[in-house]
Amino acid sequence: MPTGQADLITTSEAILSALRPSPGEIVLDLCCGNGLVTERIAPHCGRLIGIDFSEPLIRIARSRIPNVEFVVADVTMIDGKLLGVDRVDAAYLAFAFHNFDEAKARKLLTQLNFIAGPKFRLFLESIPDIARIKAHYHTRERMAAFQMRKAEGTEQIENWWSAKRLDAVARAEGFASEPRMQGADRVNSHYRFDALLRLLT
Ligand SMILES: C[S@@+](CC[C@H](N)C(=O)[O-])C[C@H]1O[C@@H](n2cnc3c(N)ncnc32)[C@H](O)[C@@H]1O
């Protein structure tokens, strides 16, 4: 979740520069939370649909941007009927991929593949990079606290990914994944990367 106004701006710019949505396109904000990012992306799309399984957060998002459509749903269970669309042109998932293990990621990609239009692209923003886990938990104490939260099941960053594993999972579901380093102006660039996925041709 963007931690301040500057972070919100750079995050939104990264999403827009990766997806380059055009005014006629249908775009999904997957795991949209309270709609902070949605609000900045919506004006650039033909139609934007925000989806999150938290009803309280969707209530806040609806009151923040009443002109945008929101759906309360698990993003791994979405389909065209639920969303009221016959195709989707682009989608992004901001600061939530740490909640996705391989099984959930595959379920999400399966559902997206069903509704993806021919130019479909998916931007996964801020993926925890397993190769740089020690840049985040950079002291012995931080690493020990992380291991303890993990054992207790209270760790927020549930899943760490490598670009290679992500590409393998993407390919198994009919996508290719291109990793993107985050610019130094992004708050979590020392341990997170982004990825742009496209349909395999
Ligand atoms: C850290 S918040 C990020 C919210 C928003 N994308 C942002 O950047 O401000 C993560 C969000 O993911 C949602 N979430 C996690 N897994 C989900 C799933 N499988 N389906 C729908 N929402 C999910 C949570 O409810 C939460 O709102």
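Here the structure is shown first, and the text comes after it.
None of these values were measured; they are calculated from a predicted model. (Residues numbered from 1 in each chain as written. Predicted model: local features only at pLDDT ≥ 70, side-chain atom pairs only at ≥ 80, totals over all residues.)

Novice: Would you mind going over the overall build of the chain with me for this structure?
Specialist: When helices and strands are counted, the chain shows 8 helices and 7 strands. Radius of gyration (C-alpha) of the chain: 16 Å, near the 17 Å computed for a compact globule of 201 residues. Once local pairs closer than 6 in sequence are excluded, the contacts in the chain between residues at least 24 apart make up 66%. (Helix = DSSP H or I, 4+ residues; strand = E, 2+ residues; numbered from the N terminus. Rg over C-alpha atoms; globule rule 2.2 N^0.38 Å. Contact = placed C-beta atoms within 7 Å.)

Novice: What is the right way to read the sheet that holds strand 7 (residues 192-199) from this model?
Specialist: By way of backbone hydrogen bonds, the strands of a sheet pair with one another, either parallel or antiparallel. Spatial ordering of the open sheet is given by 3-2-1-4-5-7-6, a layout of 7 strands whose pairing is mixed. Strands with a single pairing partner mark the edges of an open sheet, and in this sheet they are strand 3 (69-72) and strand 6 (175-181). When strand polarity is set aside, the average angle formed by the axes of neighbouring strands in this sheet is 20°. Sheet strands touched by helix 3 (residues 55-64): strand 2 (47-52) and strand 3. Its angle to strand 3, the strand with the most contacts, is close to 170°. Taken strand by strand, helix 8 (residues 163-172) contacts strand 5 (116-128), strand 6 and strand 7, and its axis lies near 155° from that of strand 6. (Pairing = 2+ DSSP bridges. Axes fitted to C-alpha atoms, helices over the stretch in contact; angles between N-to-C directions.)

Novice: Is there a simple way to explain helix 5 (residues 102-115) in this structure?
Specialist: One turn of an α-helix holds 3.6 residues; hence residues three or four places apart share an orientation. The end-to-end C-alpha distance of helix 5 is 20 Å, a good match for the 20 Å that 14 residues give at a rise of 1.5 Å each. Every buried residue of helix 5 is accounted for by A105, L108, L109, L112 and I115. Seen along its axis, helix 5 keeps its buried residues to an arc of 125°; they face one direction. Structural note: helix 5 exposes A103 and F114 on the side pointing more than 90 degrees away from its buried face. Turning to helix 5, the residues buried within the fold contact helix 4 (80-83), strand 4 (88-94), strand 5, helix 8 and strand 6. (Expected span 1.5 Å × (residues − 1). Buried ≥ 20, exposed ≤ 12 C-beta atoms within 10 Å, placed from the backbone. Arc of directions from axis to C-beta.)

Novice: So what exactly am I meant to see when it comes to the nonpolar core here?
Specialist: One broad rule of soluble globular proteins: the nonpolar side chains tend to lie buried together. Residues I15, L30, A91, Y92 and L124 are the most contacted members of the largest nonpolar core, which totals 49 residues. Element by element, the count of residues in this core is highest for strand 4, at 6 residues. Apart from residues lying up to four places away in sequence, I15 is in contact with I41, Y92, A94, F123 and E125. (Core = buried A, V, L, I, M, F, W, Y, C linked by C-beta atoms within 7 Å.)

Novice: Just checking my understanding: could you explain unusual backbone geometry for this structure?
Specialist: Most peptide bonds take the trans configuration, and most residues that are not glycine carry a negative phi. Not every positive phi belongs to a glycine, and R20 is a case in point at roughly 40°. Its location among the elements puts R20 in the loop between helix 1 (5-19) and strand 1 (26-30). Phi is positive for S126, which is not a glycine, with a value near 65°. Inspection of the secondary structure puts S126 in strand 5.

Novice: Before we go on, may I ask you to explain the site of the ligand in this structure?
Specialist: In the vicinity of the ligand, 18 residues are found, and the nearest of them are C31, G33, F53, A94 and A96. Broken down by class, the residue content of the shell around the ligand amounts to 12 nonpolar, 4 polar and 2 charged. (Near = placed C-beta within 6 Å. Nonpolar A, V, L, I, M, F, W, Y, C, P; charged D, E, K, R; others polar.)

Novice: I tried to follow the pairing of strand 7 on my own but got confused; where do I start?
Specialist: Across 6 bridges, strand 5 lies against strand 7 in antiparallel orientation. Along strand 7, the bridge assignment pairs F123 with L196. Two elements, strand 6 and strand 7, share 7 bridges in a ladder whose sense is antiparallel. When the sheet's bridge partners are listed, F175 is paired in strand 7 with L199.

Honestly, that's just the spatial picture; any functional story needs more than this.
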